[in-house]
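Letter by letter, the chains look like this.
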Amino acid sequence: MSSPSSPTTAATDQGMVLTLSCPNQKGIVHAVTGALLEVEADITESQQFDSPDTGTFFMRVEFHGPATRDQVQSVLDPVRERFGMELGLWEATRRTRTLVMCSKDGRTLNDLLFQQRAGTLPIEIPVIVSNHLELQSMASFYGVPFVHIPVVKDSTINSKEQAEQRLIDLVRQYEIELVVLARYMQVLSDDLCRSLEGRAINIHHSFLPSFKGARPYHQAHDRGVKLIGATAHYVTADLDEGPIIEQEVQRVTHAQTTQDLVNRGREVEGATLCRAVRWHAQHRVLLDGHRTVVFN
Ligand SMILES: Nc1nc2c(c(=O)[nH]1)N[C@@H](CN(C=O)c1ccc(C(=O)N[C@@H](CCC(=O)O)C(=O)O)cc1)CN2
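Residues numbered from 1 in each chain as written. Predicted model: local features only at pLDDT ≥ 70, side-chain atom pairs only at ≥ 80, totals over all residues. Heavy atoms only, no water.

Asker: So, unusual backbone geometry: which residues are in play, and what are the values?
Answerer: Each neighbour pair has its own omega, and for Leu-208 with Pro-209 the value is 15 degrees, a cis peptide bond. Looking at the element boundaries, Pro-209 is found in the loop between β9 (200–204) and α7 (216–223). Not every positive phi belongs to a glycine, and Asp-154 is a case in point at roughly 50 degrees. Here Asp-154 shows up in the loop between β7 (146–148) and α5 (160–173). Residue classification places Asp-154 among the exposed residues on the basis of a relative accessible area of 84%. Here the phi dihedral of Phe-211 falls at roughly 65 degrees; this positive angle occurs in a residue that is not glycine. Structurally, Phe-211 is set in the loop between β9 and α7. (Helix = DSSP H or I, 4+ residues; strand = E, 2+ residues; numbered from the N terminus. Buried < 20%, exposed > 50% of the residue type's maximum accessible area, 1.4 Å probe, protein only.)

Right, here's the structure in full:
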């Protein structure tokens, strides 16, 4: 039963989120809601999905009540074992500790910091990491520690390997639960992607699967597209092929230059990333193979 550390004897009256996935069969919803009824839980939101492609059943329940986390877990354990569930129990109001990575383009970083400060993103941002210095002043404006980790290709000083080790140290030091690539323009190694599986989100500035990799707006302009877009996805070793969480598109015309596309695209990149981060932090995104189930 995965869930972050928190007092297990506290009542769940501030709200809890239960997420689960298991092989689909009859009786799951009945068993889960019956167990929650045993501890007098009041269910405020419940969604479920039966994936026909993978035969997997997904469920997300929000509830509150007088029981402690331990009491809730104790009534759910038999249900988890009976159905072979992957099950998570989370505090609904707890903010996800998030490390943001950026390079030189600060638009999506600013959107994240502004929304976090405004209270519309249920995250904390204890530290920002960048391979450049351009965005240090933005971090200072928001009062967030900024760590410069340069990456020099094919070098023994500031190599990608050394940079990634420094990042891993920061993830441990700040007890990071989510890494967000906010236009971070370095490809993460396969090992790092594995260590961050399911907890690293990237914003790609195209309507994937079109135009993976670097300079997607240049690719889009060359292709003469009539739609551009942004895609927020989990990071995997396969560049820009991770499970998609959220997308948005913008109409464009033949008369617009590549820079026009860049400017139009920026309007949707930040909003798309913030929705994806919000839903992840609210435990609304579940992995269904290479796809996601989003209970938004
Ligand atoms: N392993 C992964 N790493 C990254 C992913 C990913 O999905 N898997 N997403 C990218 C973001 N990205 C597009 O959204 C992207 C960034 C950078 C590059 C790239 O070719 N970078 C060059 C260096 C460019 C520079 O120094 O300015 C490189 O790494 O050699 C492609 C796509 C983030 N990382």
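Asker: Tell me what's going on with the packing of aromatic side chains, and back it up with residues and numbers.
Answerer: Taken as a whole, this structure holds one aromatic pair when the rule is applied. With centroids separated by 5.1 Å and ring planes inclined at 85 degrees, the aromatic side chains of Phe-141 and Tyr-142 adopt a geometry described as edge-to-face. In this structure Phe-141 comes out as exposed when scored by relative accessible area, which is 67%. (Phe/Tyr/Trp six-rings, centres within 6.5 Å; stacked < 30°, edge-to-face > 60°.)

Asker: Outline the UniProt feature "domain: ACT" (unreviewed entry) in the protein chain, supporting the account with residue identities and numerical values.
Answerer: If you check UniProt for "domain: ACT" (unreviewed entry), the listed places come out as residues 17–97 in our numbering. Secondary structure content for residues 17–97 is 32% helix and 47% strand, and the end C-alpha separation is 17 Å. (UniProt positions renumbered as here; feature names shortened; annotations may be inferred.)

Asker: Can you break down a nonpolar patch on the surface residue by residue, with the values?
Answerer: On the surface, a cluster of nonpolar side chains totalling about 220 Å² of accessible area is made up of Phe-207, Leu-227 and Val-249. Counting through the fold element by element, Phe-207 comes out in the loop between β9 and α7. (Patch = residues over 30% accessible without salt bridge, like charges linked within 9 Å, V, L, I, M, F, W, Y side chains within 5 Å. Areas by Shrake-Rupley, 256 points an atom, 1.4 Å probe, with all protein chains shown as cover. Salt bridge = Lys/Arg side-chain N within 4 Å of Asp/Glu carboxyl O.)

Asker: Tell me about the packing of helix α1 (residues 28–38) against helix α2 (residues 69–83), residues and numbers included.
Answerer: Angle between the axes and distance between the axes: these two values describe a pair of packed helices. Running from N to C, α1 and α2 cross one another at 165 degrees; their axes reach a closest spacing of 8 Å. In terms of orientation, α1 and α2 fall into the roughly antiparallel class. In this structure, α1 meets α2 at a crossing whose hand is right-handed. Of the residues in α2, those in contact with Ile-28, Ala-31, Val-32, Ala-35, Leu-36 and Glu-38 of α1 are Val-72, Val-75, Leu-76, Val-79, Arg-82 and Phe-83. A per-class count over the contact of α1 with α2 returns ten nonpolar, no polar and two charged. (Axes fitted to C-alpha atoms, helices over the stretch in contact; angles between N-to-C directions. Parallel < 35°, antiparallel > 145°, perpendicular 65-115°, else oblique. Left-handed = near helix turned anticlockwise from the far one by under 90°. Contact = heavy atoms within 4.5 Å. Nonpolar A, V, L, I, M, F, W, Y, C, P; charged D, E, K, R; others polar.)

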